[in-house]
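# Examining the three-dimensional arrangement
Residues per chain, in single letters:
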Amino acid sequence: CKDDTSRNRPMASAFPLTSLPSRVAVSGNSGHGHHAYSIEERDMFANCINHIQALQSDTSLSADGVLPMPFEAFFASFKDGALLGKLVNAIKPGTVQERNIGTSSNNKKSPFLATQALGAALQGCKELKVTLVNVGPNDFVEGREHLILGVVWQLLRLHILSTVDIGHHPELAKLMEQNESIDALALAPPEMVLMRWVNHHLTRAASKRRMANFANDLKDCEIYVVLLSQIAPQLGVNVSGIMASTPVERAKTVIDFATWGRRRDQHRW
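Residues numbered from 1 in each chain as written. Predicted model: local features only at pLDDT ≥ 70, side-chain atom pairs only at ≥ 80, totals over all residues. Heavy atoms only, no water.

### Looking at the packing of aromatic side chains
This model, assessed by the stated rule, comprises five aromatic pairs. Look at F74 and F75: their rings are 5.1 Å apart centre to centre, the planes differ by 85°, and that puts the pair in the edge-to-face class. Look at F74 and you get buried, because its relative accessible area is 0%. Plain terms: the ring middles of F74 and F78 are 5.2 Å apart, the flat faces sit at 65° to each other, and that makes the pair edge-to-face. For the residue pair F74 and F78, the accessibility class agrees, reading buried in each case. An aromatic cluster is built from Y37, F45, F74, F75, F78 and W153, whose rings are joined through pairwise contacts. (Phe/Tyr/Trp six-rings, centres within 6.5 Å; stacked < 30°, edge-to-face > 60°. Buried < 20%, exposed > 50% of the residue type's maximum accessible area, 1.4 Å probe, protein only.)

Structure follows, in structure tokens:
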């Protein structure tokens, strides 16, 4: 079904979908500093997990009511260890043995099984090179939000980058540099491949900007604006108009366009 891409398109001067993040202070702060997290961060992580195919197809997670995960149940969903272990295996199958993961329904009945599953899952995290500093099973059982978010963020990042390669996307062969072999590209770190992909689109757009890192180069959101105009021309991104705005306004507009585009694609049929 065709839709009118100009209708309900977010305007460069209006930001109806975004606002300042809703910060939540973490209870039980110790003398090592105070912590907080944003509701938006929690909800985005929950949404990402709900859309991981390997987890969607796991019948035990759906039968036990773990997935699809209500956003407000995010932290509680990790308490028994089953979801954390299965998330690790979604990144690298077989990292955690299934018998050590168990099921959410059984683990909830036994603190021992939950602690065992969490221990096995965290060991799997270490095998994936996830940074764990003073993080243990009790942090998940007691729902220490900032620690859980820190671990889950690293796992989601690994999951996303695990598909950034020539095997999943043969079209990435276009990114090969002069005298570079396909084997060399296949061995390139996913972060490097992703930056090449971004720079490829910046070149196509005749932009003078280039991306060399995932921090300072992206802070002003100019690269995001150009990238959106290239990969989603149907959104009608007004590049010059958005570039004239402040960095904060530019960031809001980028989020609006990305959110609107995702909703539009989800409802297309």
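### Details of the nonpolar core
I49, L55, F74, F78, L84, F140 and L155 are the most contacted members of the largest nonpolar core, which totals 38 residues. At the level of elements, α1 (39-50), α4 (82-91), α7 (111-127) and α9 (145-161) are the ones that each hand at least two residues to this core. Looking at this core element by element, the count peaks at seven residues for α4. Contacts of L84, omitting those with residues within four sequence positions, involve F78, L118, A121, L122, F140, V151 and L155. Counting residues in each nonpolar core, the second largest holds 10 residues, with C221, L228, V237 and V254 among its members. (Core = buried A, V, L, I, M, F, W, Y, C linked by side-chain atoms within 4.5 Å. Helix = DSSP H or I, 4+ residues; strand = E, 2+ residues; numbered from the N terminus. Contact = heavy atoms within 4.5 Å.)

### Brief notes about the side chain of E180
Residue position: E180 is located in the loop between α9 and α10 (182-187). A polar contact is formed between the side chain of E180 and the backbone nitrogen of E177, at a distance of 2.8 Å. At 2.7 Å, the side chain of E180 forms a polar contact with the side chain of R196. The contact partners of E180, leaving out residues within four places of it in the chain, are L175, L185 and R196. (Polar contact = N/O pair within 3.5 Å; in protein donor to acceptor, adjacent residues only side chain to side chain.)

### A short note on the confidence of the model for the protein
Looking at the protein, the pLDDT average stands at 87 and 86% of residues meet or exceed 70. Highest mean pLDDT in the protein belongs to α4 (98); lowest belongs to strand β1 (residues 23-25) (71). Under a pLDDT of 50 for its full length, residues 1-19 has, in the predicted model, 31 contacts with residues more than four places off or in other chains. Note that pLDDT drops below 50 for residues 265-269; the model gives that stretch three contacts with residues more than four away or on any other chain. (pLDDT = per-residue confidence, 0-100.)

### A word on helix α11 (residues 190-204)
Taking 1.5 Å as the rise per residue, α11 with 15 residues should run 21 Å; its terminal C-alpha atoms sit 21 Å apart, in good agreement. Restricting attention to buried positions, one finds in α11 the residues V193, M195, R196, V198, N199, H201 and L202. Buried residues along α11 sit against α10 and α12 (222-231). Positive backbone phi, at 60°, marks A206, one or two positions downstream of α11. (Expected span 1.5 Å × (residues − 1).)

### Some remarks on unusual backbone geometry
Cis geometry marks the peptide bond from L67 to P68; its omega dihedral reads -5°. Considering the arrangement of structural elements, one finds P68 in the loop between α3 (59-63) and α4. Unusually for a residue other than glycine, K129 sits at a positive phi of about 70°. Turning to its location among the elements, K129 is positioned in the loop between α7 and α8 (137-141). Accessibility expressed as a relative area gives 71% for K129, which makes it exposed.

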